[in-house]
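Letter by letter, the chains look like this.
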Amino acid sequence: MKEFMDTNLNKNNMSETNLSAAKVRFDNFSVSFLPDKPGGAIVEALSGINLSVGDKKILSVIGPSRSGKTSLLRSVNRLNDLHPNFVPGGDILIDGAPVYASSNIDITALRRKAGMVFARPVILPLSIYENIAYGPRLAGNNSKPSLDELVESALKDAYVWEEVKDRLQSPAASLSGGQRQRLCIARVLSMRPDIIMLDEPTSALDPVSTAKIEETLIALKSKYCIILVTNNVKQAARVGDKTAFFLMGRLIEHDDTSKIFTTPRDERTENYITGRFG
Amino acid sequence: MKQAVREAFISKILLLTALSSIGALTLITVFIFAEGLPVIFKTGFFDFIFGMKWKPSRGIFSIFPMIAGSFAVMAGAMLVSVPFALCCSIYLAEFAGRTTRAIVKPAIELLAGIPSVVYGFIGVTVLVPFIKNNIGGNGFSVLGCSIVLGIMVLPTITSISYDALRAVPDSYREGALALGATRWQAVKMAVVPAAGSGIIAAVILGMGRAIGETMAVIMIAGNSLIIPLSPLDPVRTLTSNIALEMGYASGMHRQALFATGVILFVIIMALNILATRVIKRAVR
Amino acid sequence: MNSRTEEKIAVNILRLAALSAIAVLLFVIIYVAYKGAGSLTMTFIFENPRDMGREGGIFSAIVSTFYLAALSSMIATPLGVGTAIYLCEYTTESAVTKIVRFGSDCLAGVPSIIFGLFGFVLFVIYLKLGWCLLSGALTMTFMILPTIIRTSEEAIKSVSYELREASYSLGATRWQTITKIVLPQAVPGIITGVILGVGRSISETAAVIFTAGSALATPESILESGRTLAVHFYIIAREGISMERAFATALVLIIFILLINIITYALMNKFIAGKKT
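Residues numbered from 1 in each chain as written. Chains lettered and ligands numbered in written order. Predicted model: local features only at pLDDT ≥ 70, side-chain atom pairs only at ≥ 80, totals over all residues. Heavy atoms only, no water.

Visitor: So what's going on with the overall build of chain B? Which residues, and what values?
Guide: In terms of helices and strands, chain B carries 13 helices and two strands. Along the three orthogonal principal directions, the C-alpha set of chain B runs to about 75 × 70 × 30 Å. Within the span of chain B, comprising 284 residues, buried residues form 55% of the whole. Roughly 12000 Å² of accessible area belongs to chain B as shown, and the carbon and sulfur atoms make up 67% of that amount. Averaged over its 22 positive side-chain charges, chain B has a centre that lies 3 Å from the centre of its 11 negative ones. (Helix = DSSP H or I, 4+ residues; strand = E, 2+ residues; numbered from the N terminus. Buried < 20%, exposed > 50% of the residue type's maximum accessible area, 1.4 Å probe, protein only. Areas by Shrake-Rupley, 256 points an atom, 1.4 Å probe, with all protein chains shown as cover. Lys, Arg positive; Asp, Glu negative; His and termini not counted. Charge placed at Lys NZ, Arg CZ, Asp CG, Glu CD.)

Structure follows, in structure tokens:
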């Protein structure tokens, strides 16, 4: 049944993506927010999304604001659960296992598996070291040698080790904006996730820091499944293997990045990437 | 899943702590009423409130003089405090510079921190002799209580009205200024009316404070069981009646003091609820 | 009168009111200091009162005050902070939060003499604790609870939502997020509330005298009666036992209150400054 729906609704990515290899699969997934007060309008943030993301690939998600990109990411690690009026529909499958349908899913384990980097680099009010060790410690890892090693490798993988290795115990708030965001990436890496989701990670950064983050992402691709939500069309083109274009809560088009940017099928996609709106 | 069980347990514990304040309020209500109501019923509600005689030795308990006393003292305190507090809050909210505000505001709040017994003592040693020598009577009077209580509730009224004034959006001020008003005219005609219900709530809460105050009043009021007809008359309030006699009262007499407490409690709760109503309307 | 002159006069009246408020404060402090400083010696602080307070010092009263303040804040802090956490982190606006807020608001308005009556009948009589520091502290707990709830709530609310999200996204549970991220950030604000509560315990008389009693001896346990500074001051001042000693005791009280206000003010400023970075 599910295969059937995919064939029908998502013809364009059938040819390339082997369904069984999909790391994350959105299966007729939708998100709505109930009104705050009785009588208010229900907000449909996402509707009927069918989309597969392969392992060791980067998917760029583009679209104008309020297109549902952020809701998409925050649904994968169930961060939307914090919103009291959130109602999901359909499901998301990670390695074939449903995120919403299963009643006894361990949400903290899910959030470790699908790490998230926010638009604004949010530094926990702790030292650099403790920022990175925060996730592993919560997962029950309290052995100093193992944490030391995790912290070092995470910082190295996020290309920020050289800049901070001599001041791991100083407050993370002392870092610059670009360093902070790479610290946030390292913080996610230290949890040994499968999936890394980034929500407009460079929107608050200068061009040099942005370039460094993009390099980092491309290097990380060999190990992780990466979903990059970006408001920067060029960034999507530079980094993504695939690109998905969202508009008003719907997936308009999803294909290889090169195809989306050279021969988009949908007129709205073309208008967006050429800067005619959004 | 062990984690989920623990989380659920913690949230139950927190809910229990959250119920502590309403639980305390319920306990207070239950115990005060349980102790006090029998005397009110025995005397008769009307006689208890409107009767003139309080003679514990003969088992006669009526509290009208004290109700009158409490309200007289409260009214006097408001006469002193409201204009004073309004001036302070308007000055702080609208005219004081940053440094002035940083000094004056905590100073006024500090007035609330001074123990009421200290106010009472200064009232006795300074104000009472002053009234006796310069104005008349024996000094222990409604007037003395009003002045001291007025100062004691000043911080309450000032800080709540201050918050109400600060909550008025700047567009009100700018709108008036753009029409050529001076700052003072803008404050007088736009800002203060806009903060009106907040200021009224502040005054109501101040009234509650004044009626509920005990230790300062007991030292300055003179505590005679008469209805005060002049500001120079001595007075006994509901609160001082309780505090004066609790030390030695027993049996029916003690219950009558709790009955006094019931009336006091009802008055205060009515004022508090009125104030929250007014604030809620302001928010809308 | 033209509007400029009117403004000038009005502002000067307002300024005069504010200055008078400060003048009143200064008068209270200076008057008590002037009358009390002469008797305020080291021996006065460290000696026990003798002959009903006519002779000797106030040491036992300081000890009782300390017990009462410490005990009541130890009980009220977990309750108040727990309430604040529940209101801010575990629930959205609902019937329960309305009831909780109503309870806390009303409790804040209950006059101290009512607390005194209540503490007397519940703790002293009904629970048979008698006049003792524990009865007094339990009564004060209810009195300072609203202050601690309000300040803790403000402190917890001021912690940014982003920090919570970041913590959740790293696999933290709600409780882990609260204990590891939110509470450490909110601590200065919470401490402010607790210190304000201590201030109220120190200066309270009506609620304490009917629950903790007024025994002059140094209490050896919380189940014994004790006379706090404020109660001691009230008794020796009202009964005219010793004016010099009354003023000196008042001065000690005021010094405590001043210290408490200075500490909370400094903490508050530090807290606000910390939030800005």
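Read on for the rest.
Visitor: Which residues make up the overall build of chain A, and what values do they have?
Guide: Looking only at helices and strands, chain A has 12 helices and 10 strands in total. For 278 residues, the compact-globule formula gives about 19 Å, and the C-alpha radius of gyration of chain A, at 19 Å, lands near that figure. Each principal axis of the C-alpha distribution contributes one length, and for chain A these read about 55 × 40 × 40 Å. By residue count, 53% of the 278 residues in chain A fall in the buried class. Expressed as a percentage of contacts within chain A between residues at least 6 apart in sequence, the contacts between residues at least 24 apart total 67%. Accessible surface, chain A: about 12200 Å² in total, of which carbon and sulfur atoms supply 52%. Looking at chain A, you have 35 positive and 32 negative side-chain charges, and the mean spots of the two groups are 2 Å apart. (Rg over C-alpha atoms; globule rule 2.2 N^0.38 Å. Contact = heavy atoms within 4.5 Å.)

Visitor: Kindly report on the interface of chain C and chain B, identifying the contributing residues and their values.
Guide: With 77 residues of chain C in contact, the opposing surface of chain B contributes 73 residues. For the chain C and chain B pair, buried surface summed over both sides reaches about 6500 Å², with 82% attributable to carbon and sulfur atoms. Ranking the residues of chain C by area buried against chain B places Leu14(C), Leu25(C) and Leu117(C) at the top, with a combined share of 10%. The interface formed by chain C and chain B contains one salt bridge. (Buried area = accessible area lost by both parts, 1.4 Å probe. Salt bridge = Lys/Arg side-chain N within 4 Å of Asp/Glu carboxyl O.)

Visitor: Any chance you could break down the pairing of strand β3 (residues 58-62) of chain A for me, citing the residues and the numbers?
Guide: Residues and elements named next belong to chain A. In terms of residue burial, β3 counts as a mostly covered element, since five of its five residues are buried. For β3 and strand β9 (residues 242-247), the ladder comprises four bridges, and the chain directions are parallel. If you follow Leu-59 over to β9, its bridge partner there is Lys-242. (Pairing = 2+ DSSP bridges.)

Visitor: Could you give me a rundown of the pairing of strand β8 (residues 225-229) of chain A, with the residues and numbers involved?
Guide: All names here are of chain A. By the criterion of burial, β8 is predominantly enclosed, with five of the five residues buried. Burial of the side chains of β8 extends over both faces: Cys-225, Ile-227 and Val-229 are buried on one face and Ile-226 and Leu-228 on the other. Inspection of the sheet shows β3 paired to β8 by four bridges, in the parallel sense. Along β8, the bridge assignment pairs Ile-58 with Ile-226. In this structure, strand β7 (residues 195-199) lies alongside β8, joined through five bridges in parallel fashion. Looking at β8, one finds that Met-197 is bridged to Ile-227. With respect to chirality, the unit in which β7 leads through helix α9 (residues 207-220) into the neighbouring parallel β8 is right-handed. (Right-handed = clockwise from strand over helix to strand, strands pointing away.)

Visitor: Break down the packing of helix α2 (residues 20-43) of chain B against helix α5 (residues 112-126) of chain C for me, with residues and values.
Guide: Taken N-terminus to C-terminus, the directions of α2(B) and α5(C) make an angle of 80 degrees; their axes are 9 Å apart at the nearest point. Overall, the two elements α2(B) and α5(C) adopt an arrangement that is roughly perpendicular. In this structure, α2(B) contributes Leu27(B), Ile28(B), Phe31(B), Ile32(B) and Glu35(B) to the contact, and α5(C) contributes Ile114(C), Phe115(C), Leu117(C), Phe118(C), Val121(C), Leu122(C) and Tyr126(C). When its residues are assigned to classes, the contact of α2(B) with α5(C) shows 11 nonpolar, no polar and one charged. (Axes fitted to C-alpha atoms, helices over the stretch in contact; angles between N-to-C directions. Parallel < 35°, antiparallel > 145°, perpendicular 65-115°, else oblique. Nonpolar A, V, L, I, M, F, W, Y, C, P; charged D, E, K, R; others polar.)

Visitor: For the interface of chain A and chain C, give the residues involved together with the corresponding values.
Guide: Of the residues lining the interface, 21 residues belong to chain A; the matching set on chain C comes to 18 residues. Buried surface at the junction of chain A and chain C, summed over both partners, amounts to about 1800 Å²; 67% is from carbon and sulfur atoms. Considering only the side of chain A, the residues that lose the most area to chain C are Leu82(A), Tyr134(A) and Leu138(A), jointly responsible for 31% of the buried surface there. For the pair chain A and chain C, the number of links is two salt bridges. At the junction of chain A and chain C, the tally comes to four residue pairs in polar contact (both at pLDDT 80 or more). At the level of elements, α4 (107-113) and α5 (128-138) of chain A are the ones that each hand at least two residues to the side of chain A that touches chain C. Here the side of chain A that touches chain C is composed, by residue class, of 13 nonpolar, three polar and five charged. (Polar contact = N/O pair within 3.5 Å; in protein donor to acceptor, adjacent residues only side chain to side chain.)

Visitor: Let's hear about helix α3 (residues 59-90) of chain C: which residues, and what values?
Guide: Taking 1.5 Å as the rise per residue, α3(C) with 32 residues should run 46 Å; its terminal C-alpha atoms sit 45 Å apart, in good agreement. Where α3(C) bends most, the angle comes to about 30 degrees, and this point is Ala76(C), followed within four residues by the proline Pro78(C). (Expected span 1.5 Å × (residues − 1). Bend = angle between axes of the 7 residues up to and from the residue.)

Visitor: Which residues make up the packing of aromatic side chains, and what values go with them?
Guide: Any pair of aromatic rings gets described here by the distance separating the centres and the angle formed by the planes. Residues and elements named next belong to chain B. Summed over the entire model, instances satisfying the criterion amount to 21 aromatic pairs over all chains. Both rings, one in Phe-33 and one in Phe-265, keep their centres 6.3 Å apart while their planes meet at 75 degrees; by these two values the pair is edge-to-face. Taken together, the residues Phe-33 in helix α2 and Phe-265 in helix α13 (residues 251-283) connect sequence positions 232 residues apart. You can call Phe-33 partly exposed: its relative accessible area is 23%. (Phe/Tyr/Trp six-rings, centres within 6.5 Å; stacked < 30°, edge-to-face > 60°.)

Visitor: Help me get a handle on the nonpolar core, residues and values and all.
Guide: Of all hydrophobic cores here, the largest spans 231 residues; its most connected members are Phe26(A), Phe48(B), Val118(B) and Phe233(C). Filtering out sequence-adjacent residues up to four positions away, Val118(B) remains in contact with Val28(C), Val32(C), Phe233(C), Ala250(C), Leu253(C) and Ile254(C). Counting residues in each nonpolar core, the second largest holds 34 residues, with Leu147(A), Ala158(A), Ala186(A) and Ile226(A) among its members. (Core = buried A, V, L, I, M, F, W, Y, C linked by side-chain atoms within 4.5 Å.)

Visitor: Would you mind going over a positive patch on the surface in detail, with residue names and values included?
Guide: Side chains of Arg277(B), Lys280(B), Arg281(B) and Lys98(C) sit close together on the surface and give a patch of like positive charge. Looking at which element gives the most residues to the positive patch, the answer is α13(B), with three residues. (Patch = residues over 30% accessible without salt bridge, like charges linked within 9 Å, V, L, I, M, F, W, Y side chains within 5 Å.)

Visitor: Explain the sheet that holds β8(A) to me, and be specific about the residues and the numbers.
Guide: Residue and element names in this part refer to chain A. Read across the open sheet, the six strands follow the order β6-β7-β8-β3-β9-β10; overall the sheet is mixed. Both outer strands of the open sheet, β6 (114-117) and β10 (250-256), are each paired with one neighbouring strand and no more. Taken over all neighbouring pairs, the strand axes of this sheet differ in orientation by 15 degrees on average, direction set aside. In the packing of α9 onto the sheet, contacts are made with β3, β7 and β8, and the angle to β8 comes to roughly 150 degrees.

Visitor: I'd like a description of a nonpolar patch on the surface, backed by residues and values.
Guide: Residue and element names in this part refer to chain A. On the surface, Leu-34, Ile-42 and Val-87 cluster together into a nonpolar patch covering about 250 Å² of accessible area. Position of Val-87 relative to the elements: it lies in strand β4 (residues 86-94). For Val-87, a relative accessible area of 32% corresponds to the partly exposed category.

Visitor: A description of helix α7 (residues 161-169) of chain C should follow, citing residues and the corresponding values.
Guide: Residue and element names in this part refer to chain C. Among the nine residues that make up α7, seven are buried, leaving the element largely enclosed by the rest of the structure. Taken residue by residue, α7 has Leu-163, Arg-164, Glu-165, Ala-166, Ser-167, Tyr-168 and Ser-169 as its buried positions. Phi for Gly-171, located one or two positions after α7, is positive at around 90 degrees.

Visitor: Describe the pattern of salt bridges, naming the residues involved and giving the relevant values.
Guide: Taken as a whole and judged by the stated rule, the model has 30 salt bridges over all chains. Linking Arg54(C) and Asp51(C) is a salt bridge whose minimum nitrogen-to-oxygen distance equals 3.2 Å. Residue classification places Asp51(C) among the partly exposed residues on the basis of a relative accessible area of 47%. Residues joined by salt bridges that share partners form a network here, namely Lys23(A), Asp95(A), Lys113(A) and Asp194(A).

Visitor: Describe the environment of Asn261(C), and please don't skip the residues or the numbers.
Guide: All names here are of chain C. Along the chain, Asn-261 falls in helix α11 (residues 243-276). When its relative accessible area of 21% is taken as the criterion, Asn-261 is described as partly exposed. Separated by 211 residues in sequence, Asn-261 and Arg-50 have C-alpha atoms that sit 32 Å apart.

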